[in-house]
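Next come the chains, spelled out residue by residue.
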Amino acid sequence: MPHATFIDGDRIELRPPDEGDIPLLVEAENHPQVRRHVTRFRTPVSEAAYREDRWPLPNDDDGVELLVVPKSGDFGGEPVGSVSLAPIQQPDGYANFGVWLHPDAWGNGYALDAGAHLLDYGFRAHRLHRVSATVAGSNDASRRLCERLGFAEEGAAREAWFLDGEHVDAVHYGLLEREWDGPAAALE
């Protein structure tokens, strides 16, 4: 069954998840390399618990979470992760940005591509004024991603998260609508 594309980029498309995607979502939430960077994935989850507690994912005025689907290559046509703006808080025009990819798809630029297109959607369609992101200080890849997308580092909550047996900083980033130059600028 073909899936409806929500956002269409040159290399990737972003689409809402459907029930057939639940095994991928559960696998990612339980994958140790993903869990170590995503604080909401701290506890392993069964498919039954996922269906009961987390399904369906937000895709409304409160937030949007879309699957990242490369158009070609080794992963062509298959979801490799998720990108989100949630919660969306109006009238403040605020949302939090998040992204995760299956480790097999790391290093292909999919997070940058997906992030650029979702941020553009958030600023245009939801008239967001500000988007934030918080990443572990030890997660160099996510920090570089935020910087490539134009986020400014705003500070850190020192040793706020306990990840992989140690306390790490939670580094806060922010991006204002007037600082966003569109997906093409981020993808250059």
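These notes cover the structure that comes with them. None of these values were measured; they are calculated from a predicted model. (Residues numbered from 1 in each chain as written. Predicted model: local features only at pLDDT ≥ 70, side-chain atom pairs only at ≥ 80, totals over all residues. Heavy atoms only, no water.)

## Digging into the pattern of salt bridges
Now for step 1: A complete count under the given rule lists eight salt bridges for this structure.
Now for step 2: The residue R51 makes a salt bridge to E19 at a minimum N-O spacing of 2.7 Å. Of the two residues, R51 sits in helix α3 (residues 47-53) while E19 sits in the loop between β2 (12-15) and α1 (22-30), which places them 32 residues apart along the sequence.
Now for step 3: Of the residues examined, E19 reaches a relative accessible area of 46% and is grouped as partly exposed.
Now for step 4: Of the charged contacts, one joins R143 and E153 as a salt bridge, the two residues approaching to 3.0 Å between their closest N and O atoms. Within this pair, whereas R143 is found in helix α5 (residues 140-148), its partner E153 is found in strand β8 (residues 152-163), the two being separated by 10 residues in sequence. (Salt bridge = Lys/Arg side-chain N within 4 Å of Asp/Glu carboxyl O. Helix = DSSP H or I, 4+ residues; strand = E, 2+ residues; numbered from the N terminus. Buried < 20%, exposed > 50% of the residue type's maximum accessible area, 1.4 Å probe, protein only.)

## Focus: the side chain of H102
Now for step 1: Note on placement: H102 falls in the loop between β6 (94-101) and α4 (110-125).
Now for step 2: Judged by relative accessible area, H102 falls into the buried class, the value being 10%.
Now for step 3: Within the local environment of H102, its side chain forms a polar contact with the side chain of E27, the two groups lying 2.9 Å apart.
Now for step 4: Apart from residues no more than four positions distant in its own chain, H102 is found in contact with E27, H31 and V80. (Polar contact = N/O pair within 3.5 Å; in protein donor to acceptor, adjacent residues only side chain to side chain. Contact = heavy atoms within 4.5 Å.)

## Focus: the nonpolar core
Considering soluble globular proteins, one finds that nonpolar side chains tend to be buried as a cluster.
Now for step 1: Formed by 36 residues in total, the largest nonpolar core has its most connected members in F97, L119 and F151.
Now for step 2: The set of elements that each furnish at least two residues to this core consists of β2, β4 (63-70), β5 (81-85), β6, α4, β7 (130-136), α5 and β9 (166-176).
Now for step 3: Among the elements that take part in this core, α4 stands out by supplying nine residues, more than any other. (Core = buried A, V, L, I, M, F, W, Y, C linked by side-chain atoms within 4.5 Å.)

## Digging into the pairing of β2
Now for step 1: Alignment of strand β1 (residues 7-8) against β2, held across two bridges, turns out to be antiparallel. Bridge assignment links D8 to a residue of β2, and that residue is E13.
Now for step 2: Here β1 hands over to β2 after three residues, the two strands then running antiparallel side by side.
Now for step 3: Pairing geometry for β2 and β4, over four bridges, is antiparallel. Among the inter-strand pairings, L14 is bridged to a residue of β4, identified as V68. (Pairing = 2+ DSSP bridges.)

## Quick word on the environment of D10
Now for step 1: Along the chain, the position of D10 falls in the loop between β1 and β2.
Now for step 2: The exposed category is assigned to D10, whose relative accessible area is 76%.

## Description of the packing of aromatic side chains
Now for step 1: Tallied over the entire structure, the rule returns four aromatic pairs.
Now for step 2: Residues F75 and Y110 carry aromatic rings whose centres are separated by 6.4 Å and whose planes lie at 90° to one another, so their mutual orientation is edge-to-face. Taken together, the residues F75 in the loop between β4 and β5 and Y110 in helix α4 connect sequence positions 35 residues apart.
Now for step 3: Ring geometry for F123 and W180: centres 6.1 Å apart, planes at 35°, overall tilted. Within this pair, whereas F123 is found in helix α4, its partner W180 is found in the loop between β9 and α6 (183-187), the two being separated by 57 residues in sequence. (Phe/Tyr/Trp six-rings, centres within 6.5 Å; stacked < 30°, edge-to-face > 60°.)

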